[in-house]
Amino acid sequence: MTNIIEIEDIPPNARLIDARFRLSDPKLAVNLYKEAHIPGATFVDLESDLSGRKTGQNGRHPLPSEPDLIRLFCRLGIDQDTPVVAYDDTDHSGAARLWMLLRWMGHEKVYVLNGGLSAWRRAGKAIESGETTKPQAKNFTKRPPLINFVSKEQILGRQLVDARAPERYRGEVEPIDPKAGHIPGAVNLYYKRAMSNDGKFLPLNELRTLLNFEHPVFYCGSGVTAAVLLLIAAELEMPSELYPGSWSEWCATNNAPIELG
(Lines give C-alpha, C1' and ligand atoms only; values in the text may rest on other atoms or scores of the structure.)
Protein backbone atom coordinates (compact mmCIF):
# COMPACT_ATOMS: atom_id res chain seq x y z
CA MET A 1 0.00 0.00 0.00
CA THR A 2 1.18 3.52 -0.76
CA ASN A 3 -1.00 5.66 1.54
CA ILE A 4 -2.16 3.20 4.22
CA ILE A 5 0.59 1.51 6.22
CA GLU A 6 0.83 -1.52 8.51
CA ILE A 7 2.69 -1.44 11.82
CA GLU A 8 5.54 -3.61 10.59
CA ASP A 9 6.14 -1.29 7.63
CA ILE A 10 6.58 1.96 9.58
CA PRO A 11 9.95 3.47 8.59
CA PRO A 12 12.40 3.74 11.51
CA ASN A 13 12.83 7.49 10.92
CA ALA A 14 9.11 8.26 10.63
CA ARG A 15 7.48 11.15 12.46
CA LEU A 16 4.46 9.73 14.29
CA ILE A 17 1.50 12.09 14.66
CA ASP A 18 -1.47 11.44 16.95
CA ALA A 19 -4.49 13.04 15.26
CA ARG A 20 -7.40 11.76 17.33
CA PHE A 21 -10.29 14.08 18.11
CA ARG A 22 -13.78 14.16 19.67
CA LEU A 23 -16.28 16.58 18.15
CA SER A 24 -18.44 16.47 21.26
CA ASP A 25 -15.53 17.30 23.58
CA PRO A 26 -12.55 18.95 21.84
CA LYS A 27 -10.40 18.81 25.01
CA LEU A 28 -10.86 15.08 25.52
CA ALA A 29 -8.51 13.97 22.73
CA VAL A 30 -5.42 15.63 24.17
CA ASN A 31 -6.18 14.14 27.57
CA LEU A 32 -6.47 10.70 26.00
CA TYR A 33 -3.16 11.33 24.27
CA LYS A 34 -1.53 12.17 27.61
CA GLU A 35 -2.88 8.94 29.08
CA ALA A 36 -1.55 6.69 26.32
CA HIS A 37 0.00 7.14 22.88
CA ILE A 38 2.54 5.53 20.58
CA PRO A 39 6.06 6.31 21.83
CA GLY A 40 7.49 9.42 20.23
CA ALA A 41 4.19 10.55 18.72
CA THR A 42 3.26 14.23 18.74
CA PHE A 43 -0.33 15.35 19.21
CA VAL A 44 -2.12 17.65 16.76
CA ASP A 45 -5.46 19.29 17.46
CA LEU A 46 -8.23 19.27 14.85
CA GLU A 47 -9.60 22.65 15.90
CA SER A 48 -6.40 24.66 16.39
CA ASP A 49 -3.89 22.86 14.14
CA LEU A 50 -5.80 21.20 11.31
CA SER A 51 -8.51 23.84 10.76
CA GLY A 52 -8.46 27.49 9.77
CA ARG A 53 -10.37 30.57 10.84
CA LYS A 54 -14.15 30.25 10.84
CA THR A 55 -16.29 33.00 9.33
CA GLY A 56 -19.71 31.42 9.88
CA GLN A 57 -19.97 30.83 6.14
CA ASN A 58 -16.97 28.60 5.43
CA GLY A 59 -17.89 25.46 7.38
CA ARG A 60 -17.05 24.05 10.79
CA HIS A 61 -13.50 23.00 9.89
CA PRO A 62 -12.25 25.27 7.11
CA LEU A 63 -8.86 24.61 5.59
CA PRO A 64 -5.91 26.25 7.34
CA SER A 65 -3.98 28.82 5.35
CA GLU A 66 -0.84 27.65 3.57
CA PRO A 67 1.43 29.78 5.82
CA ASP A 68 -0.22 28.28 8.92
CA LEU A 69 0.29 24.76 7.59
CA ILE A 70 3.93 25.46 6.79
CA ARG A 71 4.47 26.70 10.34
CA LEU A 72 2.67 23.63 11.74
CA PHE A 73 4.71 21.15 9.72
CA CYS A 74 7.96 22.91 10.61
CA ARG A 75 7.00 22.70 14.29
CA LEU A 76 6.18 19.01 13.91
CA GLY A 77 9.67 18.31 12.62
CA ILE A 78 8.62 17.59 9.06
CA ASP A 79 10.53 18.46 5.92
CA GLN A 80 10.00 17.06 2.45
CA ASP A 81 12.21 14.04 3.20
CA THR A 82 10.48 13.11 6.48
CA PRO A 83 8.19 10.06 6.41
CA VAL A 84 5.02 10.86 8.39
CA VAL A 85 2.69 8.26 9.90
CA ALA A 86 -0.61 9.63 11.19
CA TYR A 87 -2.95 7.68 13.42
CA ASP A 88 -6.06 8.11 15.57
CA ASP A 89 -8.05 5.81 17.82
CA THR A 90 -11.47 5.47 16.22
CA ASP A 91 -12.09 5.58 12.48
CA HIS A 92 -9.00 7.00 10.69
CA SER A 93 -10.73 10.35 10.09
CA GLY A 94 -8.35 12.50 12.13
CA ALA A 95 -5.36 10.75 10.57
CA ALA A 96 -6.86 11.09 7.10
CA ARG A 97 -7.39 14.82 7.68
CA LEU A 98 -3.67 15.28 8.41
CA TRP A 99 -2.77 13.03 5.46
CA MET A 100 -4.99 15.18 3.24
CA LEU A 101 -3.42 18.46 4.34
CA LEU A 102 0.12 17.17 3.88
CA ARG A 103 -0.74 15.85 0.42
CA TRP A 104 -2.34 19.20 -0.41
CA MET A 105 0.99 20.83 0.43
CA GLY A 106 2.85 18.41 -1.81
CA HIS A 107 4.26 15.99 0.78
CA GLU A 108 4.67 12.51 -0.71
CA LYS A 109 5.84 10.45 2.27
CA VAL A 110 2.72 10.52 4.43
CA TYR A 111 0.76 7.45 5.53
CA VAL A 112 -2.22 6.52 7.71
CA LEU A 113 -1.68 3.67 10.17
CA ASN A 114 -4.14 0.90 9.39
CA GLY A 115 -6.23 0.29 12.50
CA GLY A 116 -4.65 3.17 14.39
CA LEU A 117 -3.89 3.00 18.08
CA SER A 118 -6.21 0.01 18.56
CA ALA A 119 -4.17 -2.09 16.11
CA TRP A 120 -0.98 -0.94 17.86
CA ARG A 121 -2.33 -2.10 21.22
CA ARG A 122 -3.53 -5.44 19.83
CA ALA A 123 -0.05 -6.04 18.45
CA GLY A 124 1.34 -5.72 21.99
CA LYS A 125 3.44 -2.69 21.18
CA ALA A 126 4.76 -0.31 23.81
CA ILE A 127 2.61 2.60 24.98
CA GLU A 128 3.83 5.94 26.33
CA SER A 129 2.12 8.53 28.52
CA GLY A 130 2.79 12.16 29.31
CA GLU A 131 2.89 15.53 27.58
CA THR A 132 3.18 15.93 23.84
CA THR A 133 6.58 15.19 22.32
CA LYS A 134 8.27 18.29 20.90
CA PRO A 135 10.47 17.31 17.96
CA GLN A 136 13.29 19.39 16.56
CA ALA A 137 11.85 21.91 14.11
CA LYS A 138 12.60 21.48 10.43
CA ASN A 139 12.17 23.56 7.29
CA PHE A 140 9.06 22.46 5.39
CA THR A 141 8.80 23.58 1.77
CA LYS A 142 5.51 23.56 -0.10
CA ARG A 143 5.42 21.68 -3.38
CA PRO A 144 2.66 21.25 -6.01
CA PRO A 145 -0.47 19.65 -4.52
CA LEU A 146 -0.96 15.90 -4.80
CA ILE A 147 -4.72 16.08 -4.21
CA ASN A 148 -7.41 18.44 -5.46
CA PHE A 149 -10.15 20.40 -3.71
CA VAL A 150 -13.26 21.92 -5.27
CA SER A 151 -15.29 24.89 -4.08
CA LYS A 152 -19.06 25.04 -3.59
CA GLU A 153 -19.33 26.92 -6.90
CA GLN A 154 -17.77 23.98 -8.74
CA ILE A 155 -19.62 20.97 -7.40
CA LEU A 156 -23.11 20.92 -8.89
CA GLY A 157 -23.26 18.52 -11.81
CA ARG A 158 -20.34 16.47 -10.47
CA GLN A 159 -20.48 12.93 -9.06
CA LEU A 160 -21.00 13.91 -5.42
CA VAL A 161 -20.53 11.30 -2.69
CA ASP A 162 -21.77 12.13 0.82
CA ALA A 163 -19.70 10.32 3.45
CA ARG A 164 -22.06 10.95 6.39
CA ALA A 165 -24.28 8.41 8.12
CA PRO A 166 -27.34 7.47 6.04
CA GLU A 167 -29.83 9.08 8.42
CA ARG A 168 -28.00 12.40 8.20
CA TYR A 169 -27.76 12.14 4.42
CA ARG A 170 -31.51 11.54 4.21
CA GLY A 171 -32.20 14.47 6.52
CA GLU A 172 -33.94 12.41 9.19
CA VAL A 173 -31.60 13.73 11.89
CA GLU A 174 -29.05 16.53 12.03
CA PRO A 175 -27.19 16.68 15.35
CA ILE A 176 -24.62 19.33 14.40
CA ASP A 177 -25.52 21.64 11.51
CA PRO A 178 -28.50 24.03 11.35
CA LYS A 179 -30.18 22.38 8.35
CA ALA A 180 -30.79 18.73 7.46
CA GLY A 181 -30.48 16.97 4.11
CA HIS A 182 -27.85 16.65 1.41
CA ILE A 183 -26.51 18.46 -1.64
CA PRO A 184 -28.75 17.79 -4.67
CA GLY A 185 -27.60 14.86 -6.77
CA ALA A 186 -25.29 13.40 -4.14
CA VAL A 187 -25.25 9.67 -3.40
CA ASN A 188 -24.45 8.29 0.03
CA LEU A 189 -21.49 6.15 1.04
CA TYR A 190 -21.01 6.10 4.80
CA TYR A 191 -17.27 6.17 5.29
CA LYS A 192 -17.34 3.57 8.08
CA ARG A 193 -18.48 0.96 5.58
CA ALA A 194 -14.86 0.91 4.40
CA MET A 195 -13.72 -0.64 7.69
CA SER A 196 -14.07 -4.09 9.21
CA ASN A 197 -15.12 -4.85 12.78
CA ASP A 198 -11.53 -4.62 14.02
CA GLY A 199 -11.26 -1.04 12.78
CA LYS A 200 -8.90 -1.81 9.91
CA PHE A 201 -9.64 -1.06 6.27
CA LEU A 202 -11.31 -3.69 4.13
CA PRO A 203 -9.12 -5.52 1.58
CA LEU A 204 -8.42 -3.53 -1.57
CA ASN A 205 -10.68 -5.65 -3.78
CA GLU A 206 -13.61 -4.95 -1.46
CA LEU A 207 -12.78 -1.26 -1.28
CA ARG A 208 -12.67 -1.14 -5.07
CA THR A 209 -16.18 -2.61 -5.22
CA LEU A 210 -17.42 -0.20 -2.54
CA LEU A 211 -16.05 2.90 -4.25
CA ASN A 212 -17.66 2.18 -7.60
CA PHE A 213 -17.54 5.76 -8.88
CA GLU A 214 -16.02 7.67 -11.75
CA HIS A 215 -14.08 10.73 -10.58
CA PRO A 216 -16.11 11.39 -7.42
CA VAL A 217 -16.14 14.54 -5.30
CA PHE A 218 -16.39 13.56 -1.63
CA TYR A 219 -17.93 15.64 1.12
CA CYS A 220 -19.21 15.11 4.66
CA GLY A 221 -20.23 17.44 7.49
CA SER A 222 -17.10 19.56 7.62
CA GLY A 223 -14.40 17.99 5.45
CA VAL A 224 -13.00 15.55 8.01
CA THR A 225 -14.59 12.11 7.59
CA ALA A 226 -14.75 12.54 3.81
CA ALA A 227 -10.95 12.55 3.90
CA VAL A 228 -11.17 8.82 4.67
CA LEU A 229 -12.82 8.20 1.29
CA LEU A 230 -10.28 10.48 -0.41
CA LEU A 231 -7.51 8.41 1.19
CA ILE A 232 -9.04 5.16 -0.04
CA ALA A 233 -9.50 6.56 -3.54
CA ALA A 234 -5.82 7.51 -3.60
CA GLU A 235 -4.92 3.99 -2.48
CA LEU A 236 -7.03 2.63 -5.35
CA GLU A 237 -5.43 5.14 -7.77
CA MET A 238 -8.93 6.47 -8.46
CA PRO A 239 -9.12 10.13 -9.58
CA SER A 240 -11.14 11.99 -6.97
CA GLU A 241 -11.54 15.34 -5.25
CA LEU A 242 -12.92 16.71 -1.99
CA TYR A 243 -15.22 19.61 -1.18
CA PRO A 244 -13.63 20.95 2.04
CA GLY A 245 -16.51 23.17 3.17
CA SER A 246 -18.87 20.20 2.91
CA TRP A 247 -22.41 20.26 4.28
CA SER A 248 -21.67 22.77 7.06
CA GLU A 249 -20.64 25.35 4.46
CA TRP A 250 -23.30 24.41 1.91
CA CYS A 251 -26.24 24.66 4.30
CA ALA A 252 -24.98 28.01 5.67
CA THR A 253 -25.28 29.56 2.21
CA ASN A 254 -28.50 31.49 1.66
CA ASN A 255 -30.94 29.76 -0.67
CA ALA A 256 -28.61 26.82 -1.33
CA PRO A 257 -30.70 23.95 -2.74
CA ILE A 258 -31.20 20.98 -0.42
CA GLU A 259 -32.51 17.48 -1.01
CA LEU A 260 -34.15 15.17 1.51
CA GLY A 261 -34.70 11.44 1.46
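What you are looking at is a predicted structure, and each value in this text was computed from that prediction instead of being measured.

Peer 1: I'm lost on unusual backbone geometry in this one. Help?
Peer 2: Glycine aside, negative phi is the norm for most residues, and most peptide bonds take the trans geometry. In this structure, Glu237 is a non-glycine residue whose phi angle is positive, near 60°. If you trace the backbone, Glu237 turns up in the loop between helix 7 (226-235) and strand 9 (241-242). Looking at Glu237, the relative accessible area reads 72%, which means it is exposed. Phi is positive for Asn255, close to 65°, though the residue is something other than glycine. Position of Asn255 relative to the elements: it lies in the segment after helix 8 (246-250). According to the relative accessible area criterion, Asn255 is exposed, its value standing at 78%.

Peer 1: Would you mind going over the state of the cysteines with me for this structure?
Peer 2: When the sulfur atoms of two cysteines share a covalent bond, that bond is a disulfide. Considering all chains together, one arrives at zero disulfides under this definition. In this model Cys220 remains outside any disulfide bridge; the closest cysteine sulfur is found in Cys251, 12 Å from its own.

Peer 1: Where do I start with helix 2 (residues 66-75) in this structure?
Peer 2: Residues of helix 2 that are buried: Leu69, Leu72, Phe73 and Cys74. A side-chain oxygen of the first residue of helix 2 lies 3.2 Å from the backbone nitrogen of Asp68; this N-cap is Ser65. Just past helix 2, the residue Gly77 takes up positive phi, approximately 75°.

Peer 1: I keep staring at helix 7 and nothing clicks. Help me out?
Peer 2: In an α-helix, one full turn covers 3.6 residues, which means residues spaced three or four apart are oriented alike. Among the ten residues of helix 7, nine are classified as buried, and the element is accordingly described as predominantly covered. Among all positions of helix 7, only Ala226, Ala227, Val228, Leu229, Leu230, Leu231, Ile232, Ala233 and Glu235 are buried. Note on helix 7: the residue one or two positions beyond its end, Glu237, has a positive phi of about 60°.

Peer 1: How should the packing of helix 3 (residues 93-104) against helix 7 be read in this particular structure?
Peer 2: For any two helices packed against each other, one specifies the crossing angle of their axes together with the interaxial distance. Close contact between helix 3 and helix 7 brings their axes to 8 Å; oriented N to C, the two are set at 65°. By crossing handedness, the relation of helix 3 to helix 7 is classed as left-handed. Taken together, the residues of helix 7 that come into contact with helix 3 (itself represented by Ser93, Ala96, Arg97, Trp99 and Met100) are Ala227, Val228, Leu230, Leu231 and Ala234. Of the residues in the contact of helix 3 with helix 7, the class split is eight nonpolar, one polar and one charged.

Peer 1: In this structure, what is going on with the sheet that holds strand 5 (residues 110-113)? I would like to understand it.
Peer 2: Adjacent strands of a sheet pair through backbone hydrogen bonds, lying either parallel or antiparallel. With parallel pairing, five strands are arranged side by side in an open sheet as 1-5-4-2-3. Either end of the sheet is taken by a strand with one partner, and the two such strands are strand 1 (4-5) and strand 3 (42-43). Relative to strand 5, strand 4 (residues 84-87) runs parallel, the two being bridged by three bridges. Following the sheet pairing, Ala86 is matched in strand 5 by Val112.

Peer 1: What is the right way to read the sheet that holds strand 7 (residues 187-188) from this model?
Peer 2: Reading across from one edge, 7-6-8-9 is the order of the four strands in this open sheet, with parallel pairing throughout. One side of each edge strand has no neighbouring strand; the edge strands of this open sheet are strand 7 and strand 9. When strand 8 (residues 217-219) meets strand 9, the two strands line up parallel, connected through two bridges. Counterpart to Phe218 in the pairing with strand 9 is Leu242. Where helix 7 meets the sheet, its contacts fall on strand 6 (160-162), strand 8 and strand 9, and the angle it forms with strand 8 comes to roughly 150°.

Peer 1: What should I look at first to understand the nonpolar core in this one?
Peer 2: The nonpolar side chains of a soluble globular protein tend to be buried, and buried together. Among the nonpolar cores identified, the biggest contains 54 residues, and Phe73, Met100, Leu211, Leu229 and Ile232 are the most heavily contacted of them. For this core, the secondary-structure elements that each account for two or more residues are helix 2, strand 4, helix 3, strand 5, helix 6 (204-210) and helix 7. If we ignore the near neighbours within four places in the chain, the residues touching Phe73 are Ile78, Leu98, Leu101, Leu102, Met105 and Phe140. Formed by 14 residues, the second largest nonpolar core is a distinct cluster that contains Ile7, Ala14, Ala119 and Trp120.

Peer 1: I keep staring at the side chain of Thr225 and nothing clicks. Help me out?
Peer 2: Here Thr225 is to be found in the loop between strand 8 and helix 7. Residue classification places Thr225 among the buried positions, given a relative accessible area of 17%. Dropping the residues within four chain positions of it, Thr225 is found in contact with Ser93, Tyr191 and Cys220.

Peer 1: Sorry if this is basic, but what is going on with the packing of aromatic side chains here?
Peer 2: For any pair of aromatic rings, the description rests on two quantities: the centre-to-centre distance and the angle between the ring planes. The tally for this structure, following the rule as stated, stands at four aromatic pairs. Pairing Tyr190 with Tyr191 gives two aromatic rings, centres 5.4 Å apart and planes at 90°, and the pair type is edge-to-face. Tyr191 sits in the buried class, given a relative accessible area of 6%.

Cut-offs used in this document
- Residues numbered from 1 in each chain as written.
- Predicted model: local features only at pLDDT ≥ 70, side-chain atom pairs only at ≥ 80, totals over all residues.
- Heavy atoms only, no water.
- Helix = DSSP H or I, 4+ residues; strand = E, 2+ residues; numbered from the N terminus.
- Buried < 20%, exposed > 50% of the residue type's maximum accessible area, 1.4 Å probe, protein only.
- Disulfide = S-S within 2.5 Å.
- Polar contact = N/O pair within 3.5 Å; in protein donor to acceptor, adjacent residues only side chain to side chain.
- Axes fitted to C-alpha atoms, helices over the stretch in contact; angles between N-to-C directions.
- Left-handed = near helix turned anticlockwise from the far one by under 90°.
- Contact = heavy atoms within 4.5 Å.
- Nonpolar A, V, L, I, M, F, W, Y, C, P; charged D, E, K, R; others polar.
- Pairing = 2+ DSSP bridges.
- Core = buried A, V, L, I, M, F, W, Y, C linked by side-chain atoms within 4.5 Å.
- Phe/Tyr/Trp six-rings, centres within 6.5 Å; stacked < 30°, edge-to-face > 60°.

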